[in-house]
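Single-letter residue listing:
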Amino acid sequence: MIAHRPFGRTGLSVSACTLGTSALAAPTLDRRAAGRTIARAIDCGINSIELDARDGRTADLLGETIARQNAGNRVHILARVTARVPFELPSPHVPAYQAYPGRHIRAETEALLRTLGVERLGLQQIHAWCPEWLHEGDWLETLRRLREEGKIAGIGISLWDHDIDAAAEAVASGAIDTVQLMYNVFDPSAATALLPLCQRHGVGVIARAPLYFGALGWAGQPTGFASNDWRGAYFYPAHRQETYARAQRLAHEAGDGSTARETALRFALSHPAVTTVALGMRSPEQVEANLAALEHGPLLAAQLQSLTAHAWLC
Amino acid sequence: MITNLAAPLPQSPPGAAAEAVRRLLDETALGIVELPRPPLDTLPYRDFIAALLGKPGFKLDFNRLTPHQALALVADKLLGPGAFAAERAMLADDITALAQLTGELTGGRPAISIRTYFAPGDLVWHVDRVNERAALRLLWPIGRPAGMCVTPTANIDAPLHRAYMRREHPLLGRLDTRVMRTGAAVEALWAHRPEQLAAMVSGDFPFLRDPAQIWEVTPGAASIHRVETPAQPGTMHRSSWTNRTSPGFQIVITATSDAP
């Protein structure tokens, strides 16, 4: 069984691996297969599941699976509030009261509790965090009240990919319990200052995209993605080629692709500030393989040192 | 990068009324109008500018300060109390006139800033953005070797640009901060990102459709371009690699308005 760790100031203890659900949201993915993936994750001891609150299809599926597994008291949903303004990029020009009005946060949280059939969310997170928001709007006051009412265990922020500097003031302020950020071999920049800061302030850390959206596990260069897979647009040809070449270099050093994948997963969990690694998984087999990799524990200092040469998204 | 010299940018004659500049802006698909300025060595405040160029790496938002107050603050602090009193007053008069023009073009209050540092993020094709309904930005870089480059919005593959910026925008923001704080060379800071660095040097990014469809503002001239708002597209632009070691003295005036 996977280890569990104290989750910042939430009072919760969460598994070192969190099930990311964006991969389960694809309309082409068989609903029963997705349900089996969630059930397998829970059976294996994963007790934290990350969820974009606007993803009603996955929320429904989670609710059904949690009820079937009778897991309402042992699974923590780490939710992300839907922004009222669509973001192309984090934007300080959009004030917090427009992006995340308190009334909207409360309504969405309470609706999610009903859909999931749980009494409390593990987290409610504000995504695409802008430092300016710390002193704007009523999002914090609303989340504090929800926490007092027992509807959420903790308050989190979720950073835009690579936007590590955005979190420092919020972490130091004591206002938040957790931070979600991208952390992987290609972008280890959080380790320089933010992760130590989180440790000092007792803030839990969700490290997402440990495989850089799967790229660190690519067996061959993908020729394309399914039409409804957002990665098709993200990995435009030049990006895909460069990413693949860099992943190949890591695989070459590691010996083979499977070892490189394991190394990348273990890298994300190696920093002591990281509470849990959020990982998208599409099948029970992927759940088992990833947990087996993580069971090998943190990398050695010499291994971590050698991986610094692979950083390029920082 | 090939700069399109065959068709110059629309120019507004010195002292033109806001209405005439507005007409030119509305007529150009590129969303930019050039405002010719005298060469640096003929400006009556050239010695003041030269002294400021010797103090690279500062930025000042005027906020509620008038141009006279702001330049006095800068000159006193960087060059000594009372330094260049006459010259800074003349430059302040010119900035005041340009701010008035920019404000009249949008019907909004102009916000002015000056800076002598180079933000490497400007090397990537982008639009400036604000949330108000209408917005224009005047840029007058004095002492820069190259002018701002612009390209039609249609020359940018929008989905690809979006994907590129989703990844690069925060990284560019961090790079800007590091350059401003440390003055380190962009090449050194991004030595681990040779492909992205090469694109910033050449201007040839994967989302640019035709590298020949690029226009350059005359070095030393001022220009006014459209800022993207919920109601209007912005002008796609970038700076030139040659400017990174000679960022010049940049005057930036942004005017916004929510009036219909």
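Above this text you will find the structure in question.
Cut-offs and rules
As a convention, each chain's residues are numbered from 1 in the sequence order in which they are written. Chains carry letters and ligands carry numbers; both start at the beginning, A for chains and 1 for ligands, and go up in the order they are written. Confidence filtering applies because this is a predicted model: local features only for residues at pLDDT of at least 70, side-chain atom pairs given and counted only at 80 or more, and all residues used for totals across whole chains, interfaces and linings. In this description a helix means any DSSP run of H or I spanning at least four residues, a strand means any run of E spanning at least two, and both kinds are numbered starting from the N terminus. The atom set for the radius of gyration is the C-alpha atoms, and the globule formula is 2.2 Å times the number of residues raised to the power 0.38. Exposure classes come from backbone-placed C-beta atoms, where a residue is buried if 20 or more other C-beta atoms lie within 10 Å of its own, exposed if 12 or fewer do, and partly exposed in between. A pair of residues counts as a contact when their C-beta atoms, built from backbone coordinates, are separated by no more than 7 Å. By convention in this section, buried Ala, Val, Leu, Ile, Met, Phe, Trp, Tyr and Cys residues joined through C-beta atoms within 7 Å make up a nonpolar core. Between the N-to-C directions of two axes lies an angle of 0 to 180 degrees, each axis being a line fitted to C-alpha atoms and, for a helix, fitted only over the stretch in contact. Rotating anticlockwise by less than a right angle from the far helix to the near helix defines a left-handed crossing, while the corresponding clockwise rotation defines a right-handed one. Asp, Glu, Lys and Arg are counted as charged, while Ala, Val, Leu, Ile, Met, Phe, Trp, Tyr, Cys and Pro are counted as nonpolar; the rest, among them Gly, fall into the polar class. Note on pairing: two strands pair once DSSP finds at least 2 bridges between them.

## Re the overall build of chain A
In terms of helices and strands, chain A carries twelve helices and ten strands. Taken against the 2.2 N^0.38 rule, which gives 20 Å for 314 residues, the C-alpha radius of gyration of chain A at 18 Å falls within 12% of a compact globule. C-alpha atoms of chain A, sized along the principal axes, occupy 50 × 40 × 35 Å. Each of the 314 residues in chain A was classed as buried or not, and the buried ones make up 48%.

## Points about the interface of chain B and chain A
Each partner contributes residues to the interface: chain B has 19 residues there, and chain A has 17 residues. The dominant element in the side of chain B that touches chain A, judged by the number of residues it contributes, is helix α5 (residues 158-182) of chain B, at twelve residues.

## Some details on the nonpolar core
Core analysis: the biggest nonpolar cluster contains 163 residues, and W129, A167, V179, V205 and V277 of chain A have the highest contact counts within it. Ignoring anything within four residues of it in the chain, the contact list for V205 of chain A reads T178, V179, L181, L195, C198, A273, V274 and T275 of chain A.

## Re the packing of helix α1 (residues 18-27) of chain B against helix α4 (residues 85-106) of chain B
Residue and element names in this part refer to chain B. Viewed as axis vectors pointing N to C, α1 and α4 meet at an angle of 60°, and their least axial separation amounts to 9 Å. With respect to the hand of their crossing, α1 and α4 are arranged in right-handed fashion. Here A18, V21 and R22 of α1 lie close against α4, whose contacting residues are L101, E104 and L105. By residue class, the composition of the contact of α1 with α4 is four nonpolar, no polar and two charged.

## Examining the sheet that holds strand β1 (residues 32-35) of chain B
Residue and element names in this part refer to chain B. Spatially, the six strands line up as an open sheet ordered β1-β7-β4-β9-β3-β2, and their pairing is antiparallel. Taken across any chain shown, the strands that pair with only one partner, and hence form the sheet edges, are β1 and β2 (59-61). Averaged over all neighbouring strand pairs, the angle between strand axes comes to 15°, with direction disregarded. Two elements, strand β3 (residues 110-115) and strand β9 (residues 249-257), share six bridges in a ladder whose sense is antiparallel. Bridging from a neighbouring strand, S113 pairs with V252 of β9.

## Examining the environment of V33 of chain B
Residues and elements named next belong to chain B. Looking at the element boundaries, V33 is found in strand β1. Through-space distance from the C-alpha of V33 to that of L9 is 6.6 Å; in sequence the pair is 24 residues apart. Every residue in contact with V33, bar those within four places of it in the chain, is listed here: P10, S12, V21, L24, L25, T28, S223 and I224.

## Some details on the pairing of strand β10 (residues 276-280) of chain A
All names here are of chain A. The element β10 is extensively covered by neighbouring structure, given that four of its five residues are classed as buried. Both strand β3 (residues 17-20) and β10 contribute to a ladder of four bridges, which runs parallel. Considered in β10, the bridge of C17 is made with V277. Alignment of strand β9 (residues 204-208) against β10, held across three bridges, turns out to be parallel. Across the sheet, residue R208 finds its bridge partner in β10, namely A278.

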